[in-house]
Amino acid sequence: MAITQQDVEKVARLARLTVTAVEQETFAKQLTQILAHVETLERYDTTGIEPTATVMGQTNVFRDDCVRPSLSSEQALANAPEQEADGFVVPKILEER
Amino acid sequence: MSLHKLTLVELQKQFKAGEVTATEIVRAYFLRISHVESKVKALVTHAKESAFLQAETLDQKLKEWRKTKPLTGMPLAVKDNICTNGVRTTCSSRMLQDFIPPYDATVVAKLRAQEYILLGKTNLDEFAMGSSTENSAFGPSRNPWDLHRVPGGSSGGSAAAVAAEECVAALGSDTGGSIRQPAAFCGVVGLKPTYGRVSRYGLVAFASSLDQIGPITKDVSDAAFLLQAIAGHDPMDSTSVDRSVPDYMKALQKRDLKSLKVGVPVEFFAEGLDPDVERAVRAAIEELKSLGAEIREIRLPRTDAAVAVYYVIATAEASSNLARFDGVKFGFRAKETKDLLDLYMNTRQEGFGPEVKRRIMLGTYVLSAGYYDAYYGKAQAVRTLVCQDFDEAFQEVDLIVTPATPTPAFKLGEKSEDPLQMYLSDIFTISVNLAGLPAIALPCGVSREGLPIGLQLIGRAFEEETLLRAAHAYEQATPWHLKRPTIR
Ligand SMILES: NC(=O)CC[C@H](N)C(=O)O
């Protein structure tokens, strides 16, 4: 299936990426090409075949719900691009009415 | 003999016998690095200061009480997508350019507990996405055998560093061949363990159902030695498997391959296989036969589906894993953004390189409403068929032998403009990850242009011992592992 520049724009937004006009064009071309290769999978009949998500067959692995040593808030914040008063700083989310 | 020429097992013996100090080792390696690194560019971060400090502390301690662990004083390099406490871990991405992990990956904690010495962090394709290291935000590494060629990827820095003897051994990660393909291109040994054999905790996630950490070394004994140090269950990685770890060095003792059935899949010897590679691999198969192995032709009919399946599953998982890079908690943040959405979008636009963006886009697309079944669901179903191929083959044989790559190392720039061609170069390594099996790449010849050629052995899940035993027997019967490049 041919990926259009509009498709690229839409997917980019879902993926939280801004793409430039030039990227839109190359991505549309390259993704079309890659998906064409992916579509060759259609020649395999998979009716009734269970999908494989993971090979070792683990399902949920739980641990006891108890407190364990963890990073201090100082350590956890050390790599933050912006921090203040023991928290991560982000742009304002709520608008005033 | 110069220290940097020794293998891990040899160096370890000398050290244990007190013939050389940790400081001497570190000095020898940084001297070597100063001679070749400007050409090879294998390292993203040099850990010179901390390495000397560690070495001095070790030497001091050993003066008082001479008790060593298997890796005491051993100079290793670690791929830069594996977290090292206090040492920058970049994934060769602008996104993590200044990221200093506050914790060690489990594999690193294990090495540290054994008193290894970290020489540096090695270059990779950004977030391990690529086959050449050309996708690194810090520039490509070079193949020590020919500086105009790629070392392979994504663990190209680790393979190049081992081949150029800038470290005695290294860790890499393998999602679709990233340990084995660069090992093959650089003429060294690369082992991808069974999925679940080695903890992934602290490995920056690319495709969680495929990723696995493993050793890149000068020979098979070293691979066994290093695997021993990192294998085992880890409660911090819910996909790691609780199963005892065998003695891998012991597995090497048996030198003949009698009663071992080795399968040769016809699909791996099809069109597109370089004639030099084919010749070398066929000769290697003859060698296995003369060591006593019984060679059988087998079929893995779904081999040609592997690349397509992989590029759906790996990108889908990556698009989800890489959602965490939002410019808030750690890593790069774009400047001057007007609101939160803008902050996310610009941070990701500026922080990720083109290949990573392409993968996130593809992954998001195949998971998006309306396409999920057609692409992601289909790929997961065909993945089952690929696994079935291996299951059936392993009822008949104990090991599978193939070329590790269709060609020797390609030139820098040769495939970088054509993502699909780059993807297809991984055709021989990818199916192994889809099935979670262990596999090893080891040198088996040299092309007419003087480039190394790699052999791949694939084993049953958790049968690393069989893999290592056969690889070792082959290696000991042939001269290839002794060849080192002249770097110029
Ligand atoms: N990390 C890897 O194993 C990478 C495999 C493959 N070359 C890719 O680009 O995804």
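The structure we're discussing is the one just above.
Note that the structure is a prediction, hence the values are computed from the model and not measured.

Draft legend 1. Region of the structure containing the interface of chain A and chain B. With 52 residues of chain A at the contact, the number on the chain B side is 68 residues. Buried surface at the junction of chain A and chain B, summed over both partners, amounts to about 5,200 Å²; 68% is from carbon and sulfur atoms. At the junction of chain A with chain B, the criterion picks out 3 salt bridges. Across the pair B:D304 and A:R43 runs a salt bridge, and its minimum N-O distance is 2.9 Å. On the surface where chain A and chain B come into contact, there are 16 residue pairs in polar contact (both at pLDDT 80 or more). Looking at the side of chain A that touches chain B, the elements that each hand over two or more residues are helix 1 (5–14), helix 2 (21–38) and helix 3 (73–77) of chain A. Among the elements that make up the side of chain A that touches chain B, the one with the highest residue count is helix 2 of chain A (9 residues). Classifying every residue of the side of chain A that touches chain B gives 31 nonpolar, 11 polar and 10 charged.

Draft legend 2. Geometry of the pairing of strand 9 (residues 399–403) of chain B. Residue and element names in this part refer to chain B. Most of strand 9 sits out of view: 5 of its 5 residues are buried. Note: strand 9 against strand 11 (residues 452–459), 5 bridges, orientation antiparallel. The residue of strand 11 that forms the bridge with P403 is L455.

Draft legend 3. Representation of the sheet that holds strand 11 of chain B in the model. Residue and element names in this part refer to chain B. Taken in spatial order, the 11 strands line up as 1-3-2-4-6-5-10-11-9-7-8 in an open sheet, and their pairing is mixed. Edge positions in the sheet fall to strand 1 (43–46) and strand 8 (294–298), since each of these pairs with one other strand and no more. Sheet twist, expressed as the mean angle between neighbouring strand axes with direction ignored, is 30°. In this structure, strand 2 (residues 75–79) lies alongside strand 3 (residues 117–122), joined through 5 bridges in parallel fashion. Looking at the pairing, K79 lines up with T122 of strand 3. Packed on one face of the sheet, helix 13 (residues 372–396) meets strand 7 (261–265), strand 8, strand 9 and strand 11 and runs near 120° to strand 9.

Draft legend 4. Inspection of the side chain of B:E115 at higher detail. All names here are of chain B. Mapping E115 onto the fold places it in the loop between helix 4 (106–113) and strand 3. Reaching out from E115, the side chain makes a polar contact with the side chain of K61 at a distance of 2.3 Å. Each residue touching E115, except ones within four places of it in the same chain, is listed here: L58, K61, K69, L71, T72, G73 and M74.

Draft legend 5. Geometry of the site of the ligand. Residue and element names in this part refer to chain B. Neighbouring the ligand are 15 residues, the closest being G176, S178, Y310, R359 and D426. Within the backbone of G176, a nitrogen or oxygen atom sits 2.6 Å from an oxygen atom of the ligand. Take D426: an N or O atom from its side chain is 2.7 Å from a nitrogen atom of the ligand. Burial of the ligand by the surrounding chains reaches 100%, relative to a free accessible area of 290 Å².

Draft legend 6. A look at helix 13 of chain B. Look at helix 13 of chain B: 36 Å from first C-alpha to last across 25 residues, which is about the 36 Å you get at 1.5 Å a residue. Of all bends in helix 13 of chain B, the biggest is about 25°, found at B:K378.

Draft legend 7. How the structure looks around the packing of helix 1 of chain A against helix 2 of chain A. Residues and elements named next belong to chain A. Relative orientation of the contacting elements helix 1 and helix 2 amounts to 105°, with a least axis distance of 8 Å. As summarised for this structure, helix 1 and helix 2 are arranged roughly perpendicular, according to the angle between their axes. The residues of helix 2 that touch helix 1, namely those facing Q5, V8 and E9, are Q24, E25, F27 and A28.

Draft legend 8. Layout of helix 1 (residues 8–16) of chain B. Residue and element names in this part refer to chain B. Along helix 1, the residues that are buried comprise L8, V9, L11, Q12 and F15. The buried residues of helix 1 occupy an angular sector of 165° when projected down its axis, which confines them to one face. Looking at the packing, one finds that the buried side of helix 1 touches helix 2 (22–40), helix 3 (48–64), strand 2, strand 4 (169–174), helix 7 (220–230) and helix 8 (248–251). Remark: G18 follows helix 1 within two positions and exhibits a positive phi of approximately 75°.

Cut-offs applied
- Residues numbered from 1 in each chain as written.
- Chains lettered and ligands numbered in written order.
- Predicted model: local features only at pLDDT ≥ 70, side-chain atom pairs only at ≥ 80, totals over all residues.
- Heavy atoms only, no water.
- Contact = heavy atoms within 4.5 Å.
- Buried area = accessible area lost by both parts, 1.4 Å probe.
- Salt bridge = Lys/Arg side-chain N within 4 Å of Asp/Glu carboxyl O.
- Polar contact = N/O pair within 3.5 Å; in protein donor to acceptor, adjacent residues only side chain to side chain.
- Helix = DSSP H or I, 4+ residues; strand = E, 2+ residues; numbered from the N terminus.
- Nonpolar A, V, L, I, M, F, W, Y, C, P; charged D, E, K, R; others polar.
- Buried < 20%, exposed > 50% of the residue type's maximum accessible area, 1.4 Å probe, protein only.
- Pairing = 2+ DSSP bridges.
- Axes fitted to C-alpha atoms, helices over the stretch in contact; angles between N-to-C directions.
- Near = heavy atom within 4 Å.
- Areas by Shrake-Rupley, 256 points an atom, 1.4 Å probe, with all protein chains shown as cover.
- Expected span 1.5 Å × (residues − 1).
- Bend = angle between axes of the 7 residues up to and from the residue.
- Parallel < 35°, antiparallel > 145°, perpendicular 65-115°, else oblique.
- Arc of directions from axis to C-beta.

Everything listed is a geometric property; what it means functionally is a separate question.
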